[in-house]
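Structural overview for review
So the chains spell out like this:
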Amino acid sequence: MQLLDGKLLSENIKSELAAEVDQMVAKGAKRPHLAAVLVGENAASQVYVQSKIRSCEQVGFKSTLIRQEADITEAELLKIVDQLNQDPDVDGFIVQLPLPKHIDEERITLAIDHRKDVDGFHPINFGRMAQGLPAFLPATPYGILEILRRYNIETAGKHCVVVGRSNIVGTPMSILLSRKGYPGDCTVTLTHSRTKDLPGEVRRADIIVAAIGIPQFIKGDWVKDGAVVIDVGINRIEDASRKSGTRLVGDVDFEAVAPKCSHITPVPGGVGLMTVAALMMNTLKACKKEIYQ
Ligand code: NDP
């Protein structure tokens, strides 16, 4: 079994980006600029946004963090989105989800200029991705494609089972892996909470992508020998042996699954770090106007 090391890959990607930014700046270009809007005090969101800002520093991007109280109105948040859309210095921005319940996440996502949508959540980017046109790919699936690519994992003709059908992970992942080309050309089964005989479906997979949000949900006897396992889940569970009393685990029962598979992503240290790296790649593309003029 080989660990798919998201920490190592994301560091490699950040070094490549930093070198490219140095060259751009040496030639007189502006630094890529990512802005992040963080609403409220959600602990996980704060950690994610901090890691994005830190990554910007590592690769030489300019970053701006806009913090707002949880009681900001939807109209006020839409105004901030509009200002970021209009700001010529901002190449791309994200509004960290989840948002407080009184704010319609869909309305906010739709308000983001798709040319600055480096999270790849806007329906224009989603539609273009589905049609194989240039688009900002959603950061988590984009990070997973990079894992497959950088570890030279064969995908053509493989049977991939994606567990979970969210708009930001499972569904785009299923589309991307079924597209023509590498990494892709898979035969994909997209499963969810209404799937009959989920263990049976997962057992047929050469490649498993687990994005469910239930700790250690995918069991050892659901996984065929030699499968490639991508664990997207980030779940905090109690662990009395840790000083903090908790630890992070994925959606896959790592201890039971790892001995059976050919490759697996650890949690932490797998997909999460690659999601941030993918966001950085999208921001550079936005700055270079690689997707949209
Ligand atoms: P969502 O909650 O949006 O979607 C979960 C999906 O899992 C749904 O499609 C749901 O099915 C399905 N599901 C739930 N229960 C079952 C079940 N018993 N059997 C089969 N399918 C089930 O989750 P996300 O996609 O946003 O996130 C999934 C996980 O990935 C979470 O742990 C999250 O923290 C993590 N995550 C990690 C990221 C990273 O960077 N590593 C980025 C984003 C998320 P249905 O549609 O029928 O309800």
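Attention in this report is confined to the structure presented alongside it. Quantities reported herein were computed from a predicted structural model and do not represent experimental measurements.

**Observations concerning the environment of threonine 155**
With respect to the helices and strands, threonine 155 occurs in the loop between α6 (139–150) and β5 (159–163). For the pair threonine 155 and glycine 181, spaced 26 residues apart in sequence, the C-alpha separation works out to 9.2 Å. Those residues in contact with threonine 155 that sit more than four places away from it in its chain are Leu148, Tyr182, Pro183, Gly184, Asp185, Cys186 and Ile207. A distance of 2.9 Å separates a polar atom in the side chain of threonine 155 from the backbone oxygen of glycine 184.

**Observations concerning helix α3 (residues 74–86)**
Taking 1.5 Å per residue, 13 residues should reach 18 Å; α3 reaches 18 Å between its end C-alpha atoms and fits that length. Every buried residue of α3 is accounted for by Glu74, Leu77, Ile80, Val81, Leu84 and Asn85. The buried residues of α3 occupy one face: seen down the axis, they fall within an arc of 145°. Exposed and oriented more than 90 degrees from the buried face of α3 are Ala75, Lys79 and Gln86.

**So, empty space enclosed by the protein**
As enumerated under the stated definition, the model contains 1 cavity of 30 Å³ or more in all. Its volume calculated, the largest cavity comes out at about 60 Å³. Taken together, Phe93, Ile94, Val95, Leu97, Glu105, Ile108, Thr109, Ile112, Asp117, Asp119 and Phe121 make up the full set of residues lining the largest cavity. Those elements giving two or more residues to the lining of the largest cavity turn out to be β4 (92–95) and α4 (105–111). Per-class residue counts for the lining of the largest cavity are 7 nonpolar, 1 polar and 3 charged.

Here is what the cut-offs are and how they apply
Residues numbered from 1 in each chain as written. Predicted model: local features only at pLDDT ≥ 70, side-chain atom pairs only at ≥ 80, totals over all residues. Heavy atoms only, no water. Helix = DSSP H or I, 4+ residues; strand = E, 2+ residues; numbered from the N terminus. Contact = heavy atoms within 4.5 Å. Polar contact = N/O pair within 3.5 Å; in protein donor to acceptor, adjacent residues only side chain to side chain. Expected span 1.5 Å × (residues − 1). Buried < 20%, exposed > 50% of the residue type's maximum accessible area, 1.4 Å probe, protein only. Arc of directions from axis to C-beta. 1 Å grid on protein atoms, 1.4 Å probe; cavity = no way out; pocket = protein on both sides within 12 Å on 5 of 7 lines; lining within 4 Å. Points joined across faces, edges and corners; volume = space filled by probe spheres on them. Nonpolar A, V, L, I, M, F, W, Y, C, P; charged D, E, K, R; others polar.

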